[in-house]
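# Descriptive structure summary
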Amino acid sequence: GAYYHLGEIYSNGLGVDKDELTALNWYKMAVDSGDNNSDASYEIGMLYLNAEQIIKDRNEMLFWFDKAANDGDAYSQFLTGYALKLNNSDEDISKAIFWFKKAVEQDEPHALNMLGQMYYEGKVIARDINKSKELLHRASELDNAEAINFLNGIRWDFNDDINNDSKTTISDVTGWIKWVITLPG
């Protein structure tokens, strides 16, 4: 709709001077009118995160990302989860995992990577090598560079896994090696 596109025009300075405050107002009008709700909410969150002309406000950013996430926007679900994960409280970590899983249901590559790494590390969620492998593989198939780099780094991490995790078996490591060598890079 029109309100959303006017927000884009002012946010990006397309044929007008870039004016993030005016963009913010257009995006809010888009949300209020039901015009591209999740996209407009996401853009408002991004303005509160990155804008040069608007005071960065973490609470406002999280509010708008959460709104877009609840509207089903996969990337906003990832961003909401990521912002909550940074708080590092048990309650926020649980909420973060919820949002990562919602985004994973839509094959959002950043969420696949994040949750895959969390399952591998086993610090805030129970370690599950097979689930980690599945998620990281899906993320790498979607060209997520972080997942590809993480998987390539795992090639050098097997000795630490064997020495520091009594639950990791030789079979786990052998399976990982066979799988990782098939990855690009």
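Just so we're clear, the structure is a prediction, and the values are computed from it rather than from any experiment.

## Looking at helix 6 (residues 90-104)
- With 15 residues, helix 6 should cover 21 Å at 1.5 Å per step; its first-to-last C-alpha distance of 21 Å lies within 8% of that length.
- Looking at helix 6, one finds that the buried residues are Asp92, Ile93, Ala96, Ile97, Trp99, Phe100, Ala103 and Val104. Down the axis, helix 6 shows its buried residues gathered within 165° of arc, on one side only. Turned more than 90 degrees off the buried face of helix 6, the exposed positions are Asp90 and Glu91.
- In this fold, the buried residues of helix 6 make contact with helix 4 (58-70), helix 5 (74-87), helix 7 (109-121) and helix 8 (129-141).

## A few points about the nonpolar core
- By size, the foremost hydrophobic cluster in this structure holds 47 residues, and its most contacted members are Phe100 and Leu115.
- Elements supplying a minimum of two residues to this core: helix 2 (20-33), helix 3 (37-50), helix 4, helix 5, helix 6, helix 7, helix 8 and helix 9 (145-154).
- In contact with Phe100, other than residues within four places in its own chain, are Phe78, Gly81, Tyr82, Lys85, Ala111, Met114, Leu115 and Met118.

## Notes on the side chain of Gln77
- In this fold, Gln77 is placed in helix 5.
- At 3.3 Å, the side chain of Gln77 forms a polar contact with the backbone nitrogen of Ala103.

What counts and what doesn't
- Numbers given to residues run from 1 along each chain, matching the order in which its sequence is written.
- Totals for whole chains, interfaces and linings use every residue, but because this is a predicted model, local features are given only for residues with pLDDT of at least 70 and side-chain atom pairs only at 80 or more, for both listing and counting.
- Remark: hydrogens and water are excluded; side-chain values derive from all non-hydrogen atoms of the structure.
- Counting from the N terminus, the helices are DSSP H or I runs at least four residues long and the strands are E runs at least two residues long.
- In this analysis, the expected span of each helix is defined as 1.5 Å times one less than the number of residues it contains.
- The rule is simple: take the accessible area with a 1.4 Å probe, protein chains only, and divide by the maximum for that residue type; under 20% is buried, over 50% is exposed, in between is partly exposed.
- Think of it as the arc spanned by the lines of direction from the helix axis to the C-beta atoms.
- In this analysis, two residues are considered to be in contact whenever any of their non-hydrogen atoms come within 4.5 Å of each other.
- What we call a nonpolar core is a set of buried Ala, Val, Leu, Ile, Met, Phe, Trp, Tyr and Cys residues that are connected through their side-chain atoms within 4.5 Å.
- Here a polar contact is recorded for every N or O atom pair within 3.5 Å, except that within protein the pair must consist of a potential hydrogen donor and a potential acceptor, and residues adjacent in sequence are included only if both atoms are side-chain atoms.

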